[in-house]
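Architecture at a glance
Residue strings, one per chain:
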Amino acid sequence: MGDQDVKLKKTIGFFPAFATVTGSVIGTGVFFKASAVTNYTGSTSLTMLVWVLGGFITICAGLTGAELAAAYPETGGLTKYIEHSYGGFWGFMAGWAQAIIYFPANVAAISIAFGTQFTHLFTLSNSWIVPVAILSALSVTSLNWISAKVGGRVTSISLVAKLIPLALIVLFGFMHKGPVELSLFPVVAGPHRNLITAMGNGLLATMFAYDGWIHVGNISGEMKNPRKDLPKAISLGIAVIMLVYVLVNAVFMYVLPINQIAGNLNAASDASTMIFGNMGSKLVTIGILISVYGGLNGYTMTSMRIPYIMGKEHKLPFGDTFAKLNKAGIPWAAGAIQLVIACLMMLTGEFDAITNMLIFVIWVFYVMAFIAVIKLRHTQPELERPYKVPLYPIIPIIAILGGVFILVCTLLTEFVTTIIGISVTAIGVPIYFYLKNKWNFDGQKVDKKSKSMTKLEVEPE
């Protein structure tokens, strides 16, 4: 893997990195999380505040995580940052959590969002949501099995498609006379809600919409000037995303009463109907569907890489199978197992429960990564850092405190879902020690009879 990293060509400038941030983050959440946020907050003022706070925490998180990304530009992303900072066990656990929970849960949640919007567009009964969701995930995985080029084309088409409905909603939304005036001050919670609890729950709901920023770190080794362009791409990218989210949600609350948004996964479609009428709404909804499908494609493409890399390093049971590529060079087995896990999650039909579980699990490792930035500054001051987080240590501390707040809120408000996520993650502990006893994770197998190591040939990347 080291040889591969040495050969990375530094061809990526600011704009491709900026596009990676915005393209990775803007997807399903902007259309479907308004229902959960408003359900928790109960007011327009608090809803707007939590979208801004979520963006601010995400900017601090992105700027902090970028230091590790620039220092360790390796395939594996977060898994490798944790491994370098805390050792092999925690690196394994980060990879295990991503492979078994985070990516499958993302695929499941986005698929359910697709199924919900699809059934609403074609006026089908809710019993069709899960079957359509499963078919959408299967079709995306199948497309990615064909070749990376096909998957890339889906991403390119959806990138344009996702911007069109957003632009139309914002441009024409404020021209429509809303049912109520938007009130931003004073910031209050809705009826029968505690301000702090409502804000915490609402902030938690925004985190799924803002998630995905860390993926830009995977291209830091190919950036021409990561010290200058990486923090700019992250901070400006998330700032633009935050502006889009605030404007889109303001339109929702301008054209619909808040009680018609709260708990309504079809709020974007209903708002489009108010703005454009039935025919215009259907066209916007089709654009939303293409956008969601593209987001599903993006996570499917990314997700296959984690179990593939872990399989090659013998860090998963049946690792040799996960490390296999088809004729097109695609890790088909890695994609298959994640599809199966995602489908099992889809059978619950619970969009918000699935997203809350994945946010809790991934933010445990995000917080560990933020702490690692401070830790490594002391333990490895000689480490080459092409980029250093600005305003150190203030921004990392904000990221850490924001992350801890998110974790506590999730644990208190989604206890059962969180425990399931923790339990599934914990299954990785005995698996790690079993595999460590069998392999030493550098391509050598332990021969228990002779107590010796046998070097295995590992196919190069």
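Worth saying up front: this structure is predicted, and the values here are computed from it rather than measured. (Residues numbered from 1 in each chain as written. Predicted model: local features only at pLDDT ≥ 70, side-chain atom pairs only at ≥ 80, totals over all residues. Heavy atoms only, no water.)

Summarising the element assignment, G263 is placed in the loop between helix 12 (258-261) and helix 13 (267-303). Taking C-alpha positions, G263 is 9.6 Å from F32, a pair spaced 231 residues apart along the chain. Leaving out residues up to four positions away in the same chain, G263 has contacts with S35 and N39. (Helix = DSSP H or I, 4+ residues; strand = E, 2+ residues; numbered from the N terminus. Contact = heavy atoms within 4.5 Å.)

Further remarks concern the confidence of the model for the chain. With 88% of its residues at a pLDDT of 70 or more, the chain shows a mean pLDDT of 83. Mean pLDDT per element in the chain: helix 1 (residues 2-6) is the minimum at 41, and helix 8 (residues 129-146) is the maximum at 92. Between residues 1-8, whose pLDDT stays under 50, and residues either more than four places distant or in other chains, the model counts 15 contacts. Contacts from residues 450-461, a stretch scored under 50 in pLDDT, to residues over four places away or in other chains number 27 contacts. (pLDDT = per-residue confidence, 0-100.)

With that settled, consider the packing of aromatic side chains. Inspection of every chain in the model, using the stated rule, returns 21 aromatic pairs. Taking the centre distance of 5.1 Å and the plane angle of 75° together, the rings of F89 and W90 count as edge-to-face. Classification of F89 by relative accessible area gives partly exposed; the value is 22%. We classify W90 as partly exposed; its relative accessible area is 37%. Note on F92 and Y432: the rings are 5.3 Å apart at their centroids and 50° apart in plane angle, and the pair reads as tilted. With F92 in helix 7 (residues 88-121) and Y432 in helix 20 (residues 428-438), this pair connects stretches of sequence that are 340 residues apart. Each of the two residues, F92 as well as Y432, counts as buried. An aromatic cluster is built from F89, W90, F92, W96, Y432 and F433, whose rings are joined through pairwise contacts. Lying across the ring of F14, K232 places its NZ or CZ 5.3 Å from the centre. (Phe/Tyr/Trp six-rings, centres within 6.5 Å; stacked < 30°, edge-to-face > 60°. Buried < 20%, exposed > 50% of the residue type's maximum accessible area, 1.4 Å probe, protein only. Lys NZ or Arg CZ within 6 Å of the ring centre and 35° of its normal.)

On to the packing of helix 7 against helix 20, then. The interhelical angle for the contact between helix 7 and helix 20, taken along N-to-C directions, is 125°, at an axis separation of 10 Å. In terms of their interaxial angle, helix 7 and helix 20 are classed as oblique. Crossing of helix 7 against helix 20: the hand is right-handed. Contact residues: G88, F89, F92, M93 and W96 in helix 7; G428, V429, I431, Y432, F433 and L435 in helix 20. Classifying every residue of the contact of helix 7 with helix 20 gives 9 nonpolar, 2 polar and no charged. (Axes fitted to C-alpha atoms, helices over the stretch in contact; angles between N-to-C directions. Parallel < 35°, antiparallel > 145°, perpendicular 65-115°, else oblique. Left-handed = near helix turned anticlockwise from the far one by under 90°. Nonpolar A, V, L, I, M, F, W, Y, C, P; charged D, E, K, R; others polar.)

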